[in-house]
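Geometric and topological summary
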Amino acid sequence: MFHHAFTKKTFVHGISQYLRKYQFTVANELDLFDALQSAIAEDAAMNQLPWIQQDSIRSIMLSWTHSEWIPIVSVSRDYERNTITIKQRSKDQKSREHWWIPLNFASASAPDFERTSVDYFMPPVTEVTLNASELGIELRPDDWLIVNKQQTGFYHVLYNDANLWLIAKQLHDNHTHIHPLNRAAIFQDLGPLIENNEIQSVDVIFELLQYLQYEENLIPWNQVADTIVFLGKNLFGTLSHKMYNHFVRQLIRSMFIRLFEMPLHENLTNTDLLARQKIMEMACLVDLKECLDYTHNQAHEYIFGNVKFGNDMSYYAMYETILCLGVKYLSDMEFNAILDLFAKTERDTLWYDDLIYSLRCTQSQSHLRQYLNLMLGGNSTKSIMNDSESMMYLFYLFKSNIAARPVMWEFFESNYRVLCRSQMFVENFNRIAEYMTRVHREQFLDLRNKIVTELQKVGREKSVIAADSPRIGKKVKISEIFLEKFSNQTYEWFKRRQQSTHAASLGARSSATQIGHMFRAAGKFLRKVIMKKGR
């Protein structure tokens, strides 16, 4: 971070001075900081900056070297006065520490992302408000503003919605004007806000996502994946879910084809491998046909053709993902053939475990019923899994496969007496209770009481989760709050998008940028700003 903030030449000069001076003796961090201070003092350009003063580098560096956390920087703009308010807080909400934070800026009027030296050091205070001209920023009211170019600073950046709308418009017009690391940073920094329901409007999130249909760089895809999966899980079973899946399919199709239907490049980095896995997960999550066909063929060859993944590191690194997605929609013949393999295969093999754990991903209710009865039902011989494994798997299946939950609930209702014989059932039932929605709470409590009655026979009823426990529904509370706040807004956004699609062809990028709610909203916002400035 400081290598960029102080510029490469000055930073390396300071390090060199430090190494020469202390090469035959001992030193501490203050000696290093003083060497950097000396190098900066010799840099005529940097020496003119207002934050440079005696011992200032000590204060700046010490605010970082003894901190456990990293800052979250919030940036909001007053478009009438052309001022920028910058706030900082620790990622740990209980911490009150502050930092000297090196900030740099890019805007639509000055989109230079290559110069990563510091424009302004925010002092260790909660909030500052400065005019754009004081920061040396060329910034019109209708300009987008990006902070922390190329993510060289060790902090998160959050923007007000108005600036996000302007960024979204730029991403649609020509996303390459914003550096790929900063395109990734937008989603990386927004992700926790979305997942904690701290955003004010979901519309701008979908508008930002919409540009991804043009994105060919893997770095932004790597950062946006968790958000796309999170939104998909939240919207599961709602009126918006099919529209959301269609939306994501349109975003991801060309990237998936480029990665998985073209010849594979050699020497893939870990980032490349991770991005490929995440893109595959996103694509199959929304039932992209190309992804379903690809993973089904790969899984079929592995299961029935004994074709191993180990010869290709890109496949080997994500073969569990391929198997899971590849059995998502099996034919009855394929599913029954896999079950027949259990009786013909040695239990203690990796291949056997692969079959067991991949089948958790099936979306077929009839297959799930058959599978649960085989593994855990009253006629189960425990030949597939032992008692401990099967109970842990029960929880894992409920947690990971949302489509399986209604079927599993039926299974509990019909088999709770058998399940109660297991020493591990109650522990895992209590964990499953954390995923119980408010809609099904009454049904859950009824089953809980039946389990308590059954366990009273063996004196274990006290181990069942209490009926008023705050743990019940804990893991789905965030999703429920999301739907309360944004369900209608999400549905309306997709309806508007459908209407826009009917109104004009979105095949050409030039026309796509002329329509849609985003541009009407952005235009309305800018007109309002201009009217205020004219008063």
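Residues numbered from 1 in each chain as written. Predicted model: local features only at pLDDT ≥ 70, side-chain atom pairs only at ≥ 80, totals over all residues. Heavy atoms only, no water.

A few words on the overall build of the protein. When helices and strands are tallied, the protein shows 24 helices and eight strands. When each of the 535 residues of the protein is scored for burial, the buried share is 50%. Sequence-distant contacts, at least 24 apart, represent 71% of the contacts inside the protein between residues at least 6 apart. As displayed, the protein has an accessible area near 26,500 Å², and 51% of this comes from carbon and sulfur atoms. (Helix = DSSP H or I, 4+ residues; strand = E, 2+ residues; numbered from the N terminus. Buried < 20%, exposed > 50% of the residue type's maximum accessible area, 1.4 Å probe, protein only. Contact = heavy atoms within 4.5 Å. Areas by Shrake-Rupley, 256 points an atom, 1.4 Å probe, with all protein chains shown as cover.)

Our focus in this paragraph is the nonpolar core. F6, L103, I167 and L209 are the most contacted members of the largest nonpolar core, which has 100 residues in total. Ranked by the residues each element gives to this core, the list is headed by helix α10 (residues 241-260), at ten residues. Leave out the neighbours within four places in its chain, and L209 touches F187, V224, I228, L231, F247 and L251. By size, the runner-up hydrophobic cluster in this structure holds 55 residues, among which are F342, Y393, M408 and F412. (Core = buried A, V, L, I, M, F, W, Y, C linked by side-chain atoms within 4.5 Å.)

Let's shift gears to a positive patch on the surface. Residues K233, K399, R431, K474, K475 and K477 make up a contiguous surface patch of positive charge. The topology assignment puts K233 in helix α9 (residues 218-235). (Patch = residues over 30% accessible without salt bridge, like charges linked within 9 Å, V, L, I, M, F, W, Y side chains within 5 Å. Salt bridge = Lys/Arg side-chain N within 4 Å of Asp/Glu carboxyl O. Lys, Arg positive; Asp, Glu negative; His and termini not counted. Charge placed at Lys NZ, Arg CZ, Asp CG, Glu CD.)

In terms of burial, strand β2 (residues 83-90) is largely enclosed, as six of its eight residues are buried. Alignment of strand β1 (residues 71-78) against β2, held across eight bridges, turns out to be antiparallel. Bridging from a neighbouring strand, P71 pairs with S90 of β2. Between β1 and β2, which follow one another and run antiparallel, lie four residues, and N82 among them has a positive phi close to 60°. Note that β2 and strand β6 (residues 127-131) share five bridges and pair antiparallel. Bridge pairing in β6 links I86 to V128. (Pairing = 2+ DSSP bridges.)

It is worth spelling out the packing of α10 against helix α11 (residues 270-285) at this point. One way to put it is that α10 packs onto α11 with a least axis distance of 10 Å and a crossing angle of 130°. In terms of orientation, α10 lies oblique with respect to α11. The crossing of α10 and α11 is left-handed. For the pair formed by α10 and α11, the contact residues are I252, M255, F256, L259 and F260 on the first element and R276, I279, M280, M282 and A283 on the second. Looking at side-chain class alone, the contact of α10 with α11 contains nine nonpolar, no polar and one charged residues. (Axes fitted to C-alpha atoms, helices over the stretch in contact; angles between N-to-C directions. Parallel < 35°, antiparallel > 145°, perpendicular 65-115°, else oblique. Left-handed = near helix turned anticlockwise from the far one by under 90°. Nonpolar A, V, L, I, M, F, W, Y, C, P; charged D, E, K, R; others polar.)

Any space left empty among the atoms is revealed by the rolling of a water-sized probe across them. The final tally for this structure, using the stated rule, is three cavities of 30 Å³ or more. Each pocket or cavity is described by its volume, and for the largest cavity that value is around 80 Å³. What lines the largest cavity is simply I146, V147, N148, Q151, Y155, V157, Y159, N182, A185, I186 and D189. Of all elements in the fold, only β7 (145-147), β8 (156-159) and α7 (180-195) reach the threshold of two or more residues within the lining of the largest cavity. Among the elements that line the lining of the largest cavity, the one with the most residues is α7, at four residues. Of the residues assigned to the lining of the largest cavity, the class counts are seven nonpolar, three polar and one charged. Taken together, 13 residues form the lining of the second largest cavity, with M1, A5, P102, N104 and T152 sitting closest to its centre. (1 Å grid on protein atoms, 1.4 Å probe; cavity = no way out; pocket = protein on both sides within 12 Å on 5 of 7 lines; lining within 4 Å. Points joined across faces, edges and corners; volume = space filled by probe spheres on them.)

Put simply, the protein has an average pLDDT of 87, and 88% of its residues get 70 or more. When mean pLDDT is taken per element in the protein, β7 scores highest with 97 and helix α23 (residues 509-512) scores lowest with 41. Confidence drops under a pLDDT of 50 for residues 504-516, and excluding neighbours within four residues, the segment shows 20 contacts in the predicted structure. (pLDDT = per-residue confidence, 0-100.)

Now for the state of the cysteines. In a disulfide, the sulfur atoms of two cysteines are held together by a covalent bond. Counted according to the given criterion, the structure contains two disulfides. With a sulfur-sulfur separation of 2.0 Å, C284 is cross-linked through a disulfide to C291. Judged by the sign of its S-S torsion, about -100°, the bond between C284 and C291 is left-handed. Neither residue differs from the other here; C284 and C291 are each classed as buried. Across the disulfide from C324 sits C361; the S-S distance is 1.8 Å. Across the S-S bond linking C324 and C361, the dihedral sits near -105°, which makes this disulfide left-handed. With C324 in helix α14 (residues 319-326) and C361 in the loop between α16 (350-358) and α17 (365-376), this residue pair connects regions lying 37 residues apart in the sequence. (Disulfide = S-S within 2.5 Å.)

Our next topic: the packing of aromatic side chains. Two descriptors summarise a pair of aromatic rings, namely the distance from one centre to the other and the angle between the planes of the rings. Using the criterion set out here, one finds 32 aromatic pairs in the structure. Taken together, a centroid distance of 6.5 Å and an interplanar angle of 25° make the contact between F398 and F412 stacked. With a gap of 14 residues between them, F398 in helix α18 (residues 387-400) and F412 in helix α19 (residues 405-419) connect regions that are remote in the sequence. The exposure class of F412 is buried, given its relative accessible area of 1%. Ring pairing ties together the aromatic residues F398, W409, F412, F425, F429 and F444, which thus form one cluster. One Lys or Arg, R276, reaches over the ring of F260 and ends 4.4 Å from the middle of that ring. Stacked on the ring of F395, the Lys or Arg R431 has its end atom at 3.8 Å from the ring centre. (Phe/Tyr/Trp six-rings, centres within 6.5 Å; stacked < 30°, edge-to-face > 60°. Lys NZ or Arg CZ within 6 Å of the ring centre and 35° of its normal.)

Let's shift gears to helix α20 (residues 425-432). When you tally the buried positions in α20, you get six out of eight residues, the bulk of the element. Residues of α20 that are buried sit in contact with α18, α19 and α21 (441-456).

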